[in-house]
Amino acid sequence: MPDLPPIREVIQRHNLAASKALGQNFLLDEQLLARIAALPGDLAGQQVLEVGPGPGGLTRALLRAGAKVTAIEMDRRCLPALAELGERFPRQLTVIEGDALKINHAELMGGAPFHVLSNLPYNVGTALFVRWLGGEVWPPLWQSLTLMFQREVADRIVANAGEDAYGRLAVLAQWRAEARLAMKVHRSAFTPPPKVMSAIVHVTPATMPEGVSARMLERLTEAAFGQRRKMLRQSLKGVPGALEALANLGIDETRRAETVSVEEFVALAKLLS
Ligand code: SAM
């Protein structure tokens with residue numbers, strides 16, 4: 001295993017002062033990074049997509065675990081540090097400069113299965129999460145998602161019906177995938193520390209229920225949670241056939257979206273698909 005300088009030293013040598021605009025909060029603790037890289041299981045010889053490697057803390061943990069890493073980074077200041085890291089792990093690291101939101105990930109990974117690991121700014125992380133979990137094609141090419149979010153967003157992803165945090169993200173993450181809160185990360189683990197606590201969510205694809213259109217499910221959750229305090233008979237009024245479907249399934253139309261379980265949303269979408 002190549003001996004590497006501490007990440008703090010890499011940051012100083014390459015002058016990588018954290019940019020607020022790019023949501024940069026770096027992880028420097030190598031033990032913590034190794035624990036994060038271990039969350040998807042044994043990565044030896046596996047393809048990994050890392051979004052936002054920054055100075056390469058998580059990247060080096062993934063390379064040490066034997067993964068073949070493709071990393072997308074928007075900040076070109078980080079590229080020399082990542083190139084240096086790539087030299088220490090020949091043929092294991094490919095770095096792409098660009099915006100992960102504008103890149104077709106399946107194409108980038110050559111149409112082969114891959115794991116995703118990422119520590120991203122909140123807005124980019126949520127947009128990518130919605131994209132990775134959406135679409136009619138299932139199972140996806142990705143085999144697992146291991147993603148850092150601010151704690152409140154992580155709670156929304158793993159929430160159950162009836163809980164305050166339950167909403168669209170929970171239904172999206174749970175109707176054909178398994179999502180769990182894998183690790184809480186204290187704000188002091190980051191340099192500079194963000195204002196809020198973070199947590200890592202781990203997601204794996206599950207079987208997609210038959211006869212359900214993902215688009216219909218998205219439409220239903222959008223309408224239902226768009227007015228989450230309203231009764232279903234009001235919030236679902238604009239979805240053709242939804243009120244009849246509620247009656248057919250014996251779901252009381254005076255309930256609110258936050259009480260409707262993932263299974264009930266799936267049953268509704270199936271009737272309407
Ligand atoms: N992975 C490193 C770590 O854990 O220390 C850096 C994490 S930092 C929170 C987020 C990284 O994502 C930054 O390096 C930032 O430049 C990069 N980034 C932000 N938006 C991006 C985007 N749309 N596409 C690719 N990278 C992005």
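Residue numbers run consecutively from 1 along every chain, following the written order of its sequence. In keeping with the predicted nature of the model, local features appear solely for residues at pLDDT of at least 70, side-chain atom pairs appear and are counted solely at 80 or more, and the whole-chain, interface and lining totals rest on all residues. Each side-chain value is worked out from all heavy atoms of the structure, with water and hydrogens disregarded.

(A) Highlighting the pattern of salt bridges. Salt bridges are defined by distance alone: a side-chain nitrogen of Lys or Arg within 4 Å of a carboxyl oxygen of Asp or Glu. Taken as a whole, this structure holds 12 salt bridges when the rule is applied. A salt bridge links Asp75 to Arg77, with the shortest nitrogen-to-oxygen separation between them at 2.8 Å. Remark: exposure states derive from per-residue accessible area (1.4 Å probe, protein chains only) relative to the maximum for the residue type, with buried under 20%, exposed over 50%, and partly exposed in between. Exposure remark for Asp75: the relative accessible area of 6% places this residue in the buried category. We classify Arg77 as partly exposed; its relative accessible area is 32%. For Glu97, the salt bridge is made with Arg76, and the minimal N-O distance between the two is 3.1 Å. Here Glu97, found in strand S4 (residues 93–97), pairs with Arg76, found in the loop between strand S3 (68–73) and helix H4 (79–88); they are 21 residues apart in sequence, far enough to count as distant. Given the relative accessible area of 39%, Glu97 is considered partly exposed. Residues joined by salt bridges that share partners form a network here, namely Glu30, Arg60 and Arg64. Only DSSP runs of H or I covering at least 4 residues are called helices, and only runs of E covering at least 2 are called strands; the numbering of each starts at the N terminus.

(B) Spatial organisation of the domain arrangement of the chain. Delimitation of the domains relies on an automatic or database domain assignment. Partitioning the chain into structural domains gives domain 1 (7–205) and domain 2 (214–272). On the domain 2 side, the residues contacting the 14 residues of domain 1 number 16 residues. Regarding the contact of domain 1 and domain 2, the summed buried area is about 1200 Å², with carbon and sulfur atoms giving 65% of it. For the interface between domain 1 and domain 2, the tally reads 0 salt bridges. Any two residues whose heavy atoms approach within 4.5 Å are treated as being in contact. For any pair of parts, buried area is found by adding up, for both, the accessible area (1.4 Å probe) each one loses once the two are put together.

(C) Structural view of the site of the ligand. One heavy atom suffices: a residue is near a molecule or strand as soon as one of its heavy atoms comes within 4 Å of it. If you check the shell around the ligand, you find 21 residues, and the closest are Leu27, Gly52, Glu73, Asp99 and Asn119. Throughout this description, a polar contact denotes any pair of N or O atoms lying within 3.5 Å of each other; where both atoms belong to protein, one of them has to be capable of donating a hydrogen while the other can accept it, and for residues adjacent in sequence the pair is counted only when both atoms sit in side chains. Contact between the ligand and Pro53: a nitrogen atom at 3.4 Å from a main-chain N or O atom of the residue. One nitrogen or oxygen atom from the side chain of Asn119 is found 2.8 Å from an oxygen atom belonging to the ligand. With residues, only the protein chains shown are counted as cover, and all accessible areas are computed by Shrake-Rupley using a 1.4 Å probe. For the ligand, whose unbound accessible area comes to 600 Å², protein coverage reaches 98%.

(D) Representation of the environment of Val137 within the structure. By the element assignment, Val137 lies in the loop between helix H6 (122–133) and strand S6 (142–150). When the C-alpha atoms of Val137 and Met208 are compared, they prove to be 9.7 Å apart, with 71 residues separating the residues in sequence.

(E) Region of the structure containing the nonpolar core. For this analysis, a nonpolar core means a set of buried residues of the types Ala, Val, Leu, Ile, Met, Phe, Trp, Tyr and Cys, connected via side-chain atoms within 4.5 Å. Of all hydrophobic cores here, the largest spans 34 residues; its most connected members are Ile36, Leu62 and Val69. Among the elements of the structure, helix H1 (7–13), strand S1 (26–27), helix H2 (30–38), helix H3 (57–64), S3, H4 and strand S7 (177–185) are those that each provide at least two residues to this core. Apart from residues lying up to four places away in sequence, Leu62 is in contact with Ala37, Leu43, Val48, Glu50, Ala67, Val69 and Leu117.

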